[in-house]
Amino acid sequence: MAEEKELRYDPAVLESKWQERWTADPALYAAEPEQCGKPKYYVLEMLPYPSGQLHMGHVRNYSIGDALARHMWMRGFNVLHPMGWDAFGLPAENAALKNNTPPRQWTLANIAAMKRQMQRLGLGYDWATEVTTCLPEYYRWNQWFFLRMYEKNLAYRKKSKVNWCPDCATVLANEQVIDGRCWRHEDTLVQQRELVQWFFRITAYANELLEGLDKLDGWPDKVRTMQRNWIGRSEGTEVDFALEGDDEKIRVFTTRVDTIFGATSVQLAPEHPLVSRFAAADPVLKAQVDHLIDEQTRAREAGDVGAIEKHGVDTGRYALNPYNGERVPIWVANYILMDYGTGAIMSVPAHDERDFEFANKYGIEIRRVIAPEDSVQEAPALPFTSESGILINSGSYNGLTCEQAQKQLQQVAARNKFGKATVTYRLKDWGVSRQRYWGTPIPMIHCERDGLVPVPDDQLPVLLPDQVEITQQGGSPLSRVPAFVNVTCPKCSGPARRETDTMDTFVDSSWYFYRYADAKNSNAPFNPNAASYWFPIDQYIGGVEHAILHLIYSRFWTKVMRDLGLVQNDEPAARLFTQGMVIKDGAKMSKSKGNVVSPDDMVVRYGADATRMYALFAAPPDRDLDWQEDGVAGVSRFLGRVFRLVMRYAPQARAGRTAQPVAPTGVSLKLLRKLHQTTAKITLDFAGRWHFNTCVAAIMEFVNDMQAADAQLSAGEVPAHTMNELLRTLVLLMAPFAPFLTSELWEELGETGAVLRAAWPQSDPQLAREDELEIPVQINGKLVTVIRIAVDADRAVMEAVALRDEKLQAKIAGRSVAKIIVVPGKTVNVVVK
RNA sequence: GCGGAAGUGGUGAAAUGGCAAACACACUAGCCUUAGGAGCUAGCGCCCAAAAGGCUUGCGGGUUCAAGUCCCGCCUUCCGCACCA
């Protein structure tokens, strides 16, 4: 009876035993010093926001990363596998309002809870390098970087239209506005406000950020494409149109300067400064323009900017085309964006769809200036937007190709100083000011005498005060804390005011992974030597939702740090993996849908191993995963089978550790062959394909084979040495996926030391090789029969064996065989007429 | 509208031009029992009463001895971008 009881797989008991051991042994998952001589491997998962609860997306993300880390440990690498907390941000302030708990206390309690969850899941992190971004030890370096960027003119202040989220009561960066809505409040429309804000000059790196993407071949194409589109490089020409009867010029941006002889109007954005000037002198125009702006604002707030119909107003003024002096009317149009290019365009209706639509609506002249290159068709349908064409109606430029004309027209503009070739980006500078409390204070001081004065380095960190009243009223909560605001100017010692905005939390996550390399440093953000050893990150793993937020900011920050001499790498991560979402019943898990599955529930019911392994088994990691609790139960039952299998034969396996090897035959050979095939498959998958779902399936197949051979196993047909190899390797192969169970079984097999420090098994190709194959035989590509042949059978043998087959004979009788295709090791296909 | 990904049993999925549905879940039948969210055996794409046989990877074409896989067109779903001059 006692023996039977031993065979019960009880994850609750087994897992808590190992969790205690691992907590008592922090060295187990610790990175080693550079001198250890092993090759380094830095595997990183995106750090979570400490909401207080891990969700299934985290479990999936971290199960993937942990499996990889464990595999690399077993491959003998010096692995850095850290974890931290993206701990600043608005939810802490909301919680403070709701529960009357200070943000700091709330956040730290959440971190403690989530850390417990991670430990309960058995995730192998090096907690000695833990980073918590809301602590002064960390955020002081945000301030330090801010000052360095200010010195290099990469941080600056300007008044501009900014995105304002009424729910966050703060501004948002462009990247944080999704479809006109706040990235945190998907039902909240973002408003536009004019405010003075701090910006990081990410556009200074626009081109490098773009070109670097070509070299990031370890990143998914999807992410690279998204970043390319976001940066939106566009080569074109700026041209000045003179304003008739005025000294003012109107600078337009165009990618098609070759069509400029077809420009029949100039179009200004409603917010263009010249428009306000015209409107000031013309009340009717002002009313019309206000209407345009109004309509645009309302469209934006309704969330369908793109759907709005094109409208415009004729200003009654004229501009002069600098190439031929032609007089063209100036319009204000609602489809011209002030914050792209120069906020003004030349309108060429014949060769641009939007201009065509607009000109038709208002009866503006449409003049063809490009003819198709092949000239088969003299007058193709308008608008004709192709760039392979020949200029017509363009004075001395007639006959040039579009490309030639662009070059020449640019040269002429430059020579006569009315324009130049230029590059425009869609990417805007990163607005980092936030009118919130729970973030990094911006280390600047406003002095009446000296203006903007940076906080001297030796006065860092500017500490975030406790005991601040949080309100949702808007305006920085810090501005209502006199002890924080009122300071003396570092330059003149006169009275001055601190900057009261805090930094965007994406600042924190832009460089946290460098801090892991040297987390305790109190003299610098990190030691450059530590960074040069560990960077770039070998594998970064996270959700695709950060493709153009965190991941573009991080790339920018790395380049800034490189130019500061802190790091040598150009890019933060050599390889990026974006895992799919975890969904339930076909929908994203969310509280409002009531389909949230709690990781804690899963762990309590089925154990951490089963929960993690299911997360890997249910779908390939890059695809969405539909969470089915029955599936977790299934994996748990499988782990139970493994547990009982190993426990039952552990005594033989232990005896086999010192037994003499015997040449395997019969069932031993069969099982060893399957084992070595499984080893080869899993090893290959870790190297790149990452189809962990089929890795788990392969392990299940092997275990099924072992179980099917149970009669022979219990009859002692497998020698002890072989039994040891079978069970020992099984445990090793499962170790990255089920750390608790494999640790227990490793010990049960008489092994000492941590299983994750044991060497990853090697597949012997000789042993893995089948000696006979089943080969499909087809007639005209349709399956007829299956033959067995030796693995090394040549074409002639395969053909002969196939033709001898009765089924085949019956089918080809009386028909003429035109051809026989033989693919060694694959198939025989008889082509008959 | 543009760009990308996907579409295979009741479900999650597998198959890198060569036997479609591995591995699981669910279900069905049976066995066992210490009655457990347990274990074991068998069945399980569709059509046909069964067998024999036929059919089957969103739809339609094509390439090939051979197509879930490659090419062309279309449909659907999801994701990203969306007046970017």
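Residues numbered from 1 in each chain as written. Chains lettered and ligands numbered in written order. Predicted model: local features only at pLDDT ≥ 70, side-chain atom pairs only at ≥ 80, totals over all residues. Heavy atoms only, no water.

## A closer look at the overall build of chain A
Phase 1: Counting its regular elements, chain A contains 28 helices and 34 strands.
Phase 2: Overall, chain A is about 105 × 85 × 50 Å in size when its C-alpha atoms are taken along their principal axes.
Phase 3: Considering chain A as a whole, with its 833 residues, one finds that 55% of them fall into the buried category.
Phase 4: Summing over all exposed atoms, chain A offers an accessible surface of approximately 36500 Å²; the carbon and sulfur share of this is 49%.
Phase 5: The distance from the centre of the 94 positive side-chain charges to the centre of the 103 negative ones in chain A is 1 Å. (Helix = DSSP H or I, 4+ residues; strand = E, 2+ residues; numbered from the N terminus. Buried < 20%, exposed > 50% of the residue type's maximum accessible area, 1.4 Å probe, protein only. Areas by Shrake-Rupley, 256 points an atom, 1.4 Å probe, with all protein chains shown as cover. Lys, Arg positive; Asp, Glu negative; His and termini not counted. Charge placed at Lys NZ, Arg CZ, Asp CG, Glu CD.)

## Let's talk about the side chain of D66
Phase 1: Examined against the element boundaries, D66 turns out to sit in helix α3 (residues 56-74).
Phase 2: A polar side-chain atom of D66 sits 2.7 Å from a polar atom in the side chain of R70. (Polar contact = N/O pair within 3.5 Å; in protein donor to acceptor, adjacent residues only side chain to side chain.)

## Re the protein's contact with RNA strand B
Phase 1: Neighbouring RNA strand B are 53 residues, the closest being T255, I308, Y340, R354 and R426.
Phase 2: Backbone sugar and phosphate groups make up 65% of those atoms of RNA strand B lying within 4 Å of the protein.
Phase 3: A distance of 2.6 Å is found between a sugar or linking oxygen of RNA strand B and a backbone nitrogen or oxygen belonging to A618.
Phase 4: When residues in the surface near RNA strand B are grouped by element, the largest group, 7 residues, is from helix α22 (residues 692-708).
Phase 5: Of the residues belonging to the surface near RNA strand B, the class tally is 22 nonpolar, 14 polar and 17 charged. (Near = heavy atom within 4 Å. Nonpolar A, V, L, I, M, F, W, Y, C, P; charged D, E, K, R; others polar.)

## Focus on the pairing of strand β21 (residues 444-447)
Every regular strand shows the same layout, with side chains that alternate between the two sheet faces.
Phase 1: Bridge count between β21 and strand β22 (residues 451-454): 4 bridges; the pairing is antiparallel. Looking across to β22, one finds that H446 is bridged to L452.
Phase 2: Counting the residues between successive antiparallel strands, the hairpin from β21 to β22 contains 3 residues.
Phase 3: In terms of strand pairing, β21 meets strand β24 (residues 495-498) through 3 bridges, oriented antiparallel. Each residue of the ladder has a partner; that of C447, found in β24, is A496. (Pairing = 2+ DSSP bridges.)

## Let's talk about a positive patch on the surface
Phase 1: A cluster of like positive charges, contributed by K782, K807, K811 and R815, occupies part of the molecular surface.
Phase 2: Considering the arrangement of structural elements, one finds K782 in strand β32 (residues 782-790). (Patch = residues over 30% accessible without salt bridge, like charges linked within 9 Å, V, L, I, M, F, W, Y side chains within 5 Å. Salt bridge = Lys/Arg side-chain N within 4 Å of Asp/Glu carboxyl O.)

## Section: the state of the cysteines
Phase 1: Applying the stated criterion across every chain, the model contains 0 disulfides.
Phase 2: The thiol sulfur of C447 is not disulfide-bonded, and the nearest other cysteine sulfur, from C492, lies at 3.6 Å. (Disulfide = S-S within 2.5 Å.)

## As for the environment of V777
Phase 1: Looking at the element boundaries, V777 is found in strand β31 (residues 772-779).
Phase 2: What makes V777 buried here is its relative accessible area of 0%.
Phase 3: Separated by 688 residues in the primary sequence, V777 and G89 have C-alpha atoms spaced 64 Å apart.
Phase 4: Aside from chain neighbours lying at most four places away, what touches V777 is K782, L783, V784, T785, I787, A802, L808 and V828. (Contact = heavy atoms within 4.5 Å.)

## Comments concerning the nonpolar core
Phase 1: Within the largest apolar cluster, 193 residues are counted, with the highest numbers of intra-cluster contacts made by F200, W430, F513, Y540, W627 and L639.
Phase 2: In this view, F513 contacts Y42, L44, F535, I537, Y540, H550, S554 and P572; residues no more than four positions away in its chain are not counted.
Phase 3: Among the nonpolar cores identified, the runner-up in size contains 38 residues, and I260, Y397, C402 and A405 belong to it. (Core = buried A, V, L, I, M, F, W, Y, C linked by side-chain atoms within 4.5 Å.)

## A closer look at the packing of helix α21 (residues 666-689) against α22
Phase 1: Remark: α21 packs on α22, axes separated minimally by 9 Å, with the N-to-C direction vectors making an angle of 170°. As far as their axial angle goes, α22 and α21 are roughly antiparallel. Taken together, the residues of α22 that come into contact with α21 (itself represented by L671, K674, L675, T678, K681, I682, D685, F686 and R689) are F692, T694, C695, A698, I699, E701, F702, D705 and M706.
Phase 2: Classifying every residue of the contact of α21 with α22 gives 10 nonpolar, 2 polar and 6 charged. (Axes fitted to C-alpha atoms, helices over the stretch in contact; angles between N-to-C directions. Parallel < 35°, antiparallel > 145°, perpendicular 65-115°, else oblique.)

## Here we look at the packing of aromatic side chains
Phase 1: Enumeration according to the criterion identifies 53 aromatic pairs in this entry.
Phase 2: When the ring of W144 is compared with that of F145, the centres are 5.3 Å apart and the planes differ by 80°; the resulting orientation is edge-to-face.
Phase 3: Ring centres of Y512 and Y516 lie 5.5 Å apart, and the angle between their planes is 85°; this geometry places the pair in the edge-to-face category. For the pair formed by Y512 and Y516, the shared burial category is buried.
Phase 4: Positioned over the ring face of W22 is R70, at 5.8 Å from the centre of the ring. (Phe/Tyr/Trp six-rings, centres within 6.5 Å; stacked < 30°, edge-to-face > 60°. Lys NZ or Arg CZ within 6 Å of the ring centre and 35° of its normal.)

## Some details on the side chain of T611
Phase 1: The residue T611 is located in helix α19 (residues 608-617) in this model.
Phase 2: Excluding anything up to four places from it in sequence, T611 contacts V59, M602, V603, W627 and V632.

## Quick notes on helix α6 (residues 136-151)
Phase 1: Between its terminal C-alpha atoms α6 stretches 22 Å, which fits the 22 Å expected from 16 residues at 1.5 Å a residue.
Phase 2: Judged by how many residues are buried, α6 sits mostly within the fold: 12 of 16 residues are covered.
Phase 3: Along α6, the residues that are buried comprise P136, Y138, Y139, W141, N142, Q143, W144, F145, F146, L147, R148 and M149.
Phase 4: Just downstream of α6, N153 is the residue with a positive phi angle, here 60°. (Expected span 1.5 Å × (residues − 1).)

## A word on the sheet that holds β21
Phase 1: Across the sheet, 4 strands lie side by side as β22-β21-β24-β23; this open sheet has antiparallel pairing. With partners counted over all chains shown, the strands left at the sheet margins are β22 and β23 (486-488), one partner each. Each strand of the sheet is rotated relative to its neighbour by a mean of 40°, with strand direction disregarded.

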